[in-house]
Amino acid sequence: MSGLLFLVRRLGQALLTLLGVILLVFVLFNWVGGDPALILAGKMASAQDLANVRHQLGLDRPLWQQFLDFVGQVLRGDYGESWATHEPVSAIFRSRLGPSLTLLIPMLVLETLVAVTVALLVAALRGSWLDQGVRMVSTVAMSISLLVYIIVGQYVFAYLWGWFPVKGWGDSVLTNLRVYALLPVLLGLFVSVAPSIRLYRSFILEEIDQDFVRTARAKGLSETRILFVHVLRNAAIPIVTNVLMGLPGLLTGAFLLERFFAIPGIGREIILAVERSDFPLIKAITVYVAMATLAVNLLGDLCYRWLDPRVRLE
Amino acid sequence: MTQIYSLKRSENAWSLALRRLWRDPVGRFSLGVVMGYLVLVGMVLAGWLGARWNDPVAVNYAPPTWCATAANRVTLPAGEAWDRSSVIPLYGWTDPLEPLWSEARAAAQRIQPEPVSYRLTLFFGADKWGRDVGQKVLKGTQTSVWVGLVAAFLATFIGTVLGALAGYYGRGVDDLLNGFYGVLTSIPYLLLVFAVAAVFQQKGVGTLILILGLTGWTGVFRLVRAEYLKHRTREYVLAAGALGASHGRRVWVHILPNVSHVILVQFSQNLVGFIKSEVILSFLGFGVPVSSVSWGSMLNEAQNELILGKWWQLGVTTVAMAIFVTALSLLTDALRDALDPRLNS
C-alpha cells in the first residue's frame, strides 16, 4: 500500500475514533451523569431555579441537539465557561499546558535515556546476578504505590534536607526548570523508569539472538559495538514507538506530581475539576488529551513505517 | 484381547499447570502469600479481624511499642470537659447554651461514666484519633483487595464476553467492538477513571468497583479477541460445528476452556492494576467514603502525619501493600510460565 493511501486511511480511522470519544464523553456527562442543574443550583434551589439553570445550559433541549452543540464546541475549540470559576475553559487549558509540558518533556527525555542505557546493560549481562538483581528490585519497586515515592521523596529531599523547594511555581520557564521542576522530574523519572526498563530489555533481548548479531560477532566486532550500534539500532524501532505511545500515559503520571508540588498544570486542574464537579472542564480536557493521544499514535505508526522499511502495515 | 491403547487418562491441563507452578519455588512462595492475604480478607469480611478499626483505643499518635519507653496506659477522668467556662472566654456574657450544658452535666452525674483508659503505645502505633494502625491496616487491606478482586472479576467478565464475540463473529460485531475499544484506549487510563469518577456522584465501594471494572476491561478484550480469532478456524471448532454444535456452544464450551489460561493471567494482572488505581483514587478522595478505610485513604492521612514525624501509618500501609502486590506480580509471572503450552516440553 502506498504511503499516502495509508496516511489517509489512518487519518480517517483517527477521526472516527475521535467522534467516538466525543460521543462517549457526551453520553457520560449528559446522560449517565444525571442532572447537573442539581449540582449547580445547590441544595436550596427551587423548581424555578432548577429550570432556569437547565435553560441556561441548554439542557431542556432534545439530546441530539445537545450532542450537535457539543460537536460544534469541539470543532470551534470553545467549550464554554468553567462552572467553578467562570473562566473560558479553553483559556484555562491553554494556560495550564505550559507547566505540564515543562514537567513532561524533561521527564520523557531523561526517562528514555536512563531506561535505554540500563536496559542495554542488563540485556548484555542477561542471566547474571546483576540482571536478576535489577529484575527483582524493579518488581518490588513497582509494587510500592507511586504515591509513597512522592510523599517520602517530597518529605525527605525537600522538607527535611531542604535540597529543593517543597512546592511552588514561577513565571519564567528557566527558573521553573532549574528550581521547581527538578524534584518532580526526578521523582517522576524514578517512578516510571522501572516498567520501561523491563519493556526495553525484552525488546533488546528479541534482537540479541538474531543472525545479524552472530554475523557481527563472527566479523570480530567488539561486544560494545555490537550492542550499542547493531542491536540498539534494531531495537530502536519498538522503543521509539513505545516512547511516543507512552507520552499520554506520562501526562497522567504527571497528574499526581502536579498535585503534590502545586504545579499549575493540566493534571492538577483535572483533579480540582473532579473535586468541584466542573463538567465542562473535564469534558474539554478529556477530548483534548484524546486528540493528543490519537495524533501521537498516528505519528508512532508513521515513524514505524519510516524507520523500518520491512514494515508495511496492512 | 490385546490392549492397543493406554486407558490411563492424560493429565488435566489445569492440574498439570498447578503442579508446574508448585515446582517453581517463586510460584509456590507467591501463591502462599497471596492465599494468606485472601484468607485475611475473608476473616475481616466475616468480622473476625479488624472490626474495631474505628475505635479510639490509644492516645493521639501513640507510637509503636518498640520505640516507646513510658508506661503503657493512661486513664483520663471522664467528664472533664463538661465545664466550658474554663475553655471558652465568655467576656461577661451568659453562655446561651448553659441550660443545655447543665442538663448534660446532671445526666453525666446520674450515670457516672467510667473513667476511660487509653493506651500510650500500640504495636503498630496509632493515628491522629488514637485508632490502632494495626486494626486499620487489616480493614484497609480488606477494602483494597476486595475492591480490586470484584472489579477484576467485572472487568474480566466484560472483556471476555466482548472479546469472544468480536473474535468469533468478526465482521460488523468486530468492527463495532473494536471501534469501542479504540475509543476507550485513546483516553489515558487514569484520565478515563477520573472522568467516570466525576460522573458518579455517589462515593462508595460499589461505585469504586464500577469505575474500575467499566474502564479496565480493554486489556482482557484485546487478548481474548486475538485468541478467538486464532481458534475459530481450528479443526476442533470446525469439527464441533460439523457435529451440529451451535455458535454459542462453540464459543463458550469448546473455545473458552482453550483460552482460559490467557484470561486467568489477565485477571491477575488486572488485579494488580486495580489495586494501584484504587489506592490513587482513594488517596485523592474519589474512592472510599470517610466511613471506611483503604490503603489509599490511609496513605492520605499518612501524608499529613509524616510532616509531624509520625511515620508509622505510612510504613505499615506501604509494607502491607508492597508485600501483596509483589507476591501478586510474581504469581502472575509464574502463572504465565506454568500455563504457557509452548513451554510444555
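Predicted model, so just to flag it, every value in this text is computed and none were measured.

Engineer: Explanation requested: the overall build of chain B in the structure shown.
Structural biologist: Each helix and strand counted, chain B has 12 helices and 2 strands in total. Shown N-terminal to C-terminal, the secondary structure of chain B runs as helices and strands in the order α-α-β-α-β-α-α-α-α-α-α-α-α-α. Within chain B, the proportion of its 345 residues that are buried is 45%. Pairs at least 24 residues apart make up 79% of the contacts formed inside chain B by residues separated by at least 6 positions. For chain B, the exposed surface amounts to about 18,200 Å²; the carbon and sulfur share of it is 63%.

Engineer: Would you mind showing me how to read the environment of Trp146(B) here?
Structural biologist: Relative to the helices and strands, Trp146(B) is located in helix H4 (residues 133-169). Excluding anything up to four places from it in sequence, Trp146(B) contacts Leu45(B) and Thr141(B).

Engineer: Is there a simple way to think about the environment of Thr65(B) in this case?
Structural biologist: All names here are of chain B. Here Thr 65 is to be found in the loop between helix H2 (25-45) and strand S1 (73-76). With a relative accessible area of 35%, Thr 65 lands in the partly exposed category. The spatial distance from the C-alpha of Thr 65 to the C-alpha of Ser 10 is 56 Å, given a sequence separation of 55 residues. Apart from the residues within four sequence positions on either side, Thr 65 is in contact with Thr 121, Leu 122 and Phe 123.

Engineer: What is the right way to read the packing of aromatic side chains from this model?
Structural biologist: Each aromatic ring pair is specified by the distance between its two centres and by the angle formed by the two planes. All told, the structure shown has 23 aromatic pairs over all chains when counted by the stated rule. On the numbers, 6.2 Å between centres and 25° between planes, the contact of Tyr200(A) with Phe203(A) is stacked. Here Tyr200(A) and its partner Phe203(A) are both found in helix H9 (residues 182-208), 3 residues apart, which amounts to about one turn of the helix. In this pair, the class of Tyr200(A) matches that of Phe203(A), namely buried. The ring of Phe70(A) carries the charged tip of Lys283(A) above its face, separated from the ring centre by 4.8 Å. Sitting over the face of the ring of Trp22(B), Arg28(B) holds its NZ or CZ atom 5.8 Å from the ring centroid.

Engineer: Is there a simple way to explain the domain arrangement of chain B in this structure?
Structural biologist: Accessible area lost on assembly of the parts is the figure often given for the size of an interface. When its domains are assigned, chain B resolves into domain 1 (13-55 + 132-343) and domain 2 (79-113). For domain 1 of chain B and domain 2 of chain B, the distance between their C-alpha centroids amounts to 54 Å.

Engineer: How should I be thinking about the layout of surface pockets in this particular structure?
Structural biologist: Residues and elements named next belong to chain A. Approximately 670 Å³ is the volume attributed to the second largest pocket. Gln 56, Leu 57, Gln 73, Trp 83 and Pro 280 are, among the 23 residues lining the second largest pocket, the residues nearest its centre. For the lining of the second largest pocket, the elements supplying multiple residues, two or more each, are helix H1 (3-32), helix H2 (36-40), helix H3 (47-57), helix H4 (63-76) and helix H13 (279-307). Sort the elements by how many residues they give to the lining of the second largest pocket and H4 lands first, with 4 residues. Each residue belonging to the lining of the second largest pocket can be placed in one class, and the counts come to 12 nonpolar, 7 polar and 4 charged.

Engineer: I would appreciate a short explanation of unusual backbone geometry in the present structure.
Structural biologist: Both trends apply: most residues other than glycine have a negative phi, and most peptide bonds are in trans. Residues and elements named next belong to chain A. Phi at Ser 277 is positive, roughly 50°, even though this residue is not glycine. Following the sequence through the fold, Ser 277 ends up in the loop between helix H12 (266-275) and H13. Its relative accessible area of 9% is what places Ser 277 among the buried residues.

Engineer: How should I be thinking about empty space enclosed by the protein in this particular structure?
Structural biologist: The rolling of a water-molecule-sized probe over the atoms marks out the regions of remaining empty space. Residue and element names in this part refer to chain A. Taken as a whole and judged by the stated rule, the model has 2 cavities of 30 Å³ or more. Roughly 40 Å³ of volume is contained in the largest cavity. Around the largest cavity, the lining residues are Val 122, Asp 131, Val 134, Arg 135, Ser 138, Ile 197, Arg 198 and Arg 201. Put simply, the parts of the chain that give the lining of the largest cavity at least two residues each are helix H6 (129-143) and H9. For the lining of the largest cavity, the element with the highest residue contribution is H6, accounting for 4 residues. Taken together, the residues that form the lining of the largest cavity break down as 3 nonpolar, 1 polar and 4 charged. In this structure, the second largest cavity occupies an estimated 30 Å³ of space. As for the second largest cavity, its lining consists of Pro 165, Val 166, Lys 167, Gly 168, Tyr 180, Pro 184, Phe 261 and Ile 263.

Engineer: What am I meant to see in the environment of Leu210(B) here?
Structural biologist: Residue and element names in this part refer to chain B. Take Leu 210: it is sitting in helix H7 (residues 205-215). The exposure class assigned to Leu 210 is partly exposed, which follows from its relative accessible area of 37%. For Leu 210 and Phe 286, which are 76 residues apart along the polypeptide, the C-alpha to C-alpha distance reads 13 Å.

Engineer: I keep staring at the interface of chain B and chain A and nothing clicks. Help me out?
Structural biologist: Each partner contributes to the interface: chain B provides 37 residues, whereas chain A provides 43 residues. Across the chain B/chain A interface, buried area totals approximately 3,400 Å², and carbon plus sulfur atoms make up 81% of it. Linking chain B with chain A are 6 residue pairs in polar contact (both at pLDDT 80 or more), by the criterion used here. With 9 residues, the top contributor of residues to the side of chain B that touches chain A is helix H12 (residues 312-339) of chain B. Looking at the side of chain B that touches chain A residue by residue, the classes come out as 27 nonpolar, 8 polar and 2 charged.

Thresholds applied
- Residues numbered from 1 in each chain as written.
- Chains lettered and ligands numbered in written order.
- Predicted model: local features only at pLDDT ≥ 70, side-chain atom pairs only at ≥ 80, totals over all residues.
- Heavy atoms only, no water.
- Helix = DSSP H or I, 4+ residues; strand = E, 2+ residues; numbered from the N terminus.
- Buried < 20%, exposed > 50% of the residue type's maximum accessible area, 1.4 Å probe, protein only.
- Contact = heavy atoms within 4.5 Å.
- Areas by Shrake-Rupley, 256 points an atom, 1.4 Å probe, with all protein chains shown as cover.
- Phe/Tyr/Trp six-rings, centres within 6.5 Å; stacked < 30°, edge-to-face > 60°.
- Lys NZ or Arg CZ within 6 Å of the ring centre and 35° of its normal.
- Domains from an automatic or database assignment.
- 1 Å grid on protein atoms, 1.4 Å probe; cavity = no way out; pocket = protein on both sides within 12 Å on 5 of 7 lines; lining within 4 Å.
- Points joined across faces, edges and corners; volume = space filled by probe spheres on them.
- Nonpolar A, V, L, I, M, F, W, Y, C, P; charged D, E, K, R; others polar.
- Buried area = accessible area lost by both parts, 1.4 Å probe.
- Polar contact = N/O pair within 3.5 Å; in protein donor to acceptor, adjacent residues only side chain to side chain.

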